[in-house]
Amino acid sequence: MRLNDVKPQKGSKKRRRRVARGISAGQGASAGLGMRGQKSRSGSGTRPGFEGGQQPLYRRVPKLKGFPVVNRKVYTTINVEKLASLPADTEVTLASLREAGILTAAKGPLKVLGNGELNVSLKVQAAAFTGQARSKIEAAGGSCEVL
């Protein structure tokens, strides 16, 4: 095989379409752009992202960080300092806290936060614990159970 024998595969090279060059060229008159309207006129039509006057997507989405989480988990929160008033070796659940009057409303599952001090041992059952809350409950001799 020599350099002068090298040629492209048969059928791989197609001639370019000569649009708007008369009826015999096959794409005369409207040049394949249809009859009338914005997309048939000269120029680029609409700019990228244009949605026909509707507020475009890039302007609808929030500009800065901190997008809201779509299916956000909502917890009923309580701090460790509120649990300090309970007697020792009590089983702490969402229902027992409502009966004791410590919580008035339940927005969702219980989450224990770590603000304050705790010196009573408690058996706490909750959906979630912060790291500080877990360490304070266990340091006081209590136990944490994730439901």
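Up top is the structure these notes are about.
Rules used in this analysis
Residues numbered from 1 in each chain as written. Predicted model: local features only at pLDDT ≥ 70, side-chain atom pairs only at ≥ 80, totals over all residues. Heavy atoms only, no water. Salt bridge = Lys/Arg side-chain N within 4 Å of Asp/Glu carboxyl O. Buried < 20%, exposed > 50% of the residue type's maximum accessible area, 1.4 Å probe, protein only. Core = buried A, V, L, I, M, F, W, Y, C linked by side-chain atoms within 4.5 Å. Helix = DSSP H or I, 4+ residues; strand = E, 2+ residues; numbered from the N terminus. Contact = heavy atoms within 4.5 Å. Pairing = 2+ DSSP bridges.

Engineer: Talk me through the pattern of salt bridges; I want residue IDs and the actual numbers.
Structural biologist: Within the structure shown, the criterion is met by one salt bridge. Across the pair E51 and R60 runs a salt bridge whose closest N-O atoms are separated by 3.3 Å. A residue is classified by how much of its surface remains accessible, and E51, at 31% relative accessible area, is partly exposed. Of the residues examined, R60 reaches a relative accessible area of 42% and is grouped as partly exposed.

Engineer: Lay out the nonpolar core with the relevant residues and their values.
Structural biologist: Nonpolar side chains in soluble globular proteins tend to end up buried together. L83, L97, V112 and V124 are the most contacted members of the largest nonpolar core, which has 18 residues in total. Breaking this core down by element, the ones donating at least two residues are helix 2 (80–83), strand 3 (110–113), strand 4 (122–126) and helix 4 (131–139). Take this core: its biggest share by element is three residues, from strand 4. Not counting chain neighbours up to four residues away, the residues in contact with L97 comprise I78, L83, L86, V92, I102, L103 and L110.

Engineer: Account for the sheet that holds strand 1 (residues 76–79), with residues named and values stated.
Structural biologist: With parallel pairing, the three strands of this open sheet are ordered in space as 1-3-5. Either end of the sheet is taken by a strand with one partner, and the two such strands are strand 1 and strand 5 (128–129). Note that strand 1 and strand 3 share four bridges and pair parallel. Paired with T76 across the two strands is L110, which belongs to strand 3.

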